[in-house]
Each structure stands twice: as structure tokens, then as C-alpha cells.
Amino acid sequence: MEKALGLSVSPLMDRTHKGGITRSQIGFFSIVGIPMYKAMVSAFEDAGPLLDGVMANYKCWEAAAASGKDPRT
């Protein structure tokens with residue numbers, strides 16, 4: 001929509017910009033997501049499936065980074 005209006009598009013939101021979102025997601029998972037969910041599981045054992053989902057998503061983004069493909073498409 002921004003492009004159609006002649007506006008600039010954030011690199012993380014521009015699907016024609018290769019690699020930006022993939023690296024960003026991996027960094028977010030590594031620094032914020034995984035540690036947060038590990039802490040949650042240590043406090044609430046029943047939250048284990050949530051961590052499993054986060055790890056599956058992280059692995060998807062890692063595979064995307066290795067292949068150069070955007071998993072959102």
C-alpha cells in the first residue's frame with residue numbers, strides 16, 4: 001500500500017527486500033523470545049508446549065535464512 005502511494009517502505013515490511021525480516025526474526029528469538037519462554041517454562045511446567053512452538057518457529061526462520069527464502073510467502 002505504501003508503494004502504491006509513493007511512500008517509502010520499512011525494510012522489515014518490504015517483501016522485495018531480501019533477508020531483513022529473516023535476520024531480524026532470528027535475532028528476536030535468540031535475544032527475547034527463547035529466553036522468555038524458557039523462563040516461563042521453569043516457572044510453569046505446563047507451558048512446555050508453548051516453548052516447543054517457539055522453537056519450531058525459530059527453526060523455520062533459521063531454515064529460511066539458510067535457504068534465502070521468506071517463509072511468509
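It should be emphasised that the depicted structure is a prediction, and the values quoted were computed from it without experimental measurement. (Residues numbered from 1 in each chain as written. Predicted model: local features only at pLDDT ≥ 70, side-chain atom pairs only at ≥ 80, totals over all residues. Heavy atoms only, no water.)

Q: Can you help me understand the nonpolar core in this one?
A: Generally speaking, nonpolar side chains in soluble globular proteins are found buried as a group. Within the largest apolar cluster, seven residues are counted, these being Ile21, Ile26, Phe29, Ile34, Val54, Tyr58 and Trp61. Elements supplying a minimum of two residues to this core: helix H1 (20-43) and helix H2 (48-67). In terms of residue count, H1 provides more of this core than any other element does, four residues in total. (Core = buried A, V, L, I, M, F, W, Y, C linked by side-chain atoms within 4.5 Å. Buried < 20%, exposed > 50% of the residue type's maximum accessible area, 1.4 Å probe, protein only. Helix = DSSP H or I, 4+ residues; strand = E, 2+ residues; numbered from the N terminus.)

Q: Teacher, can you tell me more about H2 here?
A: One turn of an α-helix holds 3.6 residues; hence residues three or four places apart share an orientation. Between its first and last C-alpha, H2 extends 29 Å over 20 residues, near the 28 Å set by a 1.5 Å rise per residue. Residues of H2 that are buried: Gly48, Leu51, Val54, Tyr58, Trp61 and Ala64. A positive backbone phi angle near 80 degrees is found at Gly68, which sits one or two residues after H2. (Expected span 1.5 Å × (residues − 1).)

Q: Before we go on, may I ask you to explain the environment of Ala39 in this structure?
A: By secondary structure assignment, the location of Ala39 is in helix H1. Judged by its relative accessible area of 43%, Ala39 falls in the partly exposed class. Put simply, Ala39 and Leu51 are 12 residues apart on the chain and 9.8 Å apart in space, counted from C-alpha to C-alpha.

Q: Looking at this structure, I do not really get the packing of aromatic side chains. What am I missing?
A: Aromatic ring pairs: the centre-centre distance and the angle between the two ring planes describe each pair. On inspection of all chains with the given rule, the structure shows two aromatic pairs. Ring geometry for Phe28 versus Phe29: centroids 6.5 Å apart, planes at 75 degrees, classification edge-to-face. Judged by its relative accessible area of 48%, Phe28 falls in the partly exposed class. Through pairs of rings, three or more aromatic residues link up here, namely Phe28, Phe29 and Tyr58. (Phe/Tyr/Trp six-rings, centres within 6.5 Å; stacked < 30°, edge-to-face > 60°.)

Everything listed here is a matter of coordinates, which is why it stays silent on function.
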